[in-house]
Amino acid sequence: MKMEDKFQITDAEWEVMRVVWTLQQATSKDIIEVLQSKKNWKQATAKTLIGRLVQKGMLDTEKDGKRYLYTAAVDENESVKMLQDRLFERICNKEVGKTIATMILESTLSHDDIKLLEKNLEMKKSQAVEEVKCNCVPGQCQCKGHLHQNHH
Ligand SMILES: [Zn+2]
């Protein structure tokens, strides 16, 4: 299975993954217990989600007597990175900077977070381009370049 396919993961499945990443090894009962206060899932719902995650290769399963133990088959940081990539794949390359700027404004940040952002921005200054190139299919964004292409 390709990495991208694995990451066709729903919000509900992501909730389950977070529990397994945190506990490192969990039974379906553990997962349901943690999510009880947040999600009003029936046991069957949670088990269905777990089953899908196993199918997708996101969870490994191991039999331990009568019960099954689940462990994460993918790294949490790597998964967050994939989520982030998926977000940026959905918008025009030209919109990425503005989107990041809005995300920063809308986030609660510590002084350390801001120091890190400043450091990263300082680094990016030396690599900045005159103009970010649009990566969209004509008709999927408002870029002038595309309108140009369509009209000539
Ligand atoms: Zn575009």
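As shown above, the structure is provided for reference.
### Topic: the nonpolar core
Okay, so step 1: Counting 17 residues, the largest nonpolar core has Val16, Met17, Ile31, Leu53 and Leu59 as the members making the most contacts within it.
Okay, so step 2: For this core, the secondary structure elements donating two or more residues are α2 (11–23), α3 (28–35) and α4 (43–55).
Okay, so step 3: Residue contributions to this core peak at 6 residues, all from α2.
Okay, so step 4: Among residues more than four places away in sequence, those in contact with Ile31 are Val16, Val19, Val20, Ala26 and Ile50.

### Quick word on the coordination of the zinc ion
Okay, so step 1: Taken together, Cys92 (SG), Cys134 (SG), Cys136 (SG) and Cys141 (SG) make up the full set of protein donors to the zinc ion, lying 2.2 to 2.5 Å away.
Okay, so step 2: Bound by 4 donor atoms, the zinc ion shows angles of 98 to 125° at the metal and therefore tetrahedral coordination geometry.
Okay, so step 3: The motif formed by the donor residues of the zinc ion, counted along the single chain, is C-x41-C-x1-C-x4-C.
Okay, so step 4: What makes Cys136 buried here is its relative accessible area of 17%.

### Some thoughts on the sheet that holds strand β1 (residues 25–26)
Okay, so step 1: Within the open sheet, the 3 strands sit side by side as β1-β3-β2. Their pairing is antiparallel. In this open sheet, the two strands that pair with only one neighbour each are β1 and β2 (59–64).
Okay, so step 2: Relative to strand β3 (residues 67–72), β1 runs antiparallel, the two sharing 2 bridges. The partner of Gln25 across the bridge, within β3, is Thr71.
Okay, so step 3: On top of the sheet, α2 reaches β1, β2 and β3; it is set at about 90° to β3, its chief contact.
Okay, so step 4: Docked against the sheet, α4 engages β2 and β3, running at close to 110° with respect to β2.

The rules behind each value
- Residues numbered from 1 in each chain as written.
- Predicted model: local features only at pLDDT ≥ 70, side-chain atom pairs only at ≥ 80, totals over all residues.
- Heavy atoms only, no water.
- Core = buried A, V, L, I, M, F, W, Y, C linked by side-chain atoms within 4.5 Å.
- Buried < 20%, exposed > 50% of the residue type's maximum accessible area, 1.4 Å probe, protein only.
- Helix = DSSP H or I, 4+ residues; strand = E, 2+ residues; numbered from the N terminus.
- Contact = heavy atoms within 4.5 Å.
- Donors = N, O, S within 2.8 Å, 3.2 Å for Na, K, Ca; no water.
- Tetrahedral: all angles 85-135°; square planar, octahedral: opposite > 155°, others 65-115°.
- Pairing = 2+ DSSP bridges.
- Axes fitted to C-alpha atoms, helices over the stretch in contact; angles between N-to-C directions.

The analysis is restricted to geometry; functional conclusions fall outside its scope.
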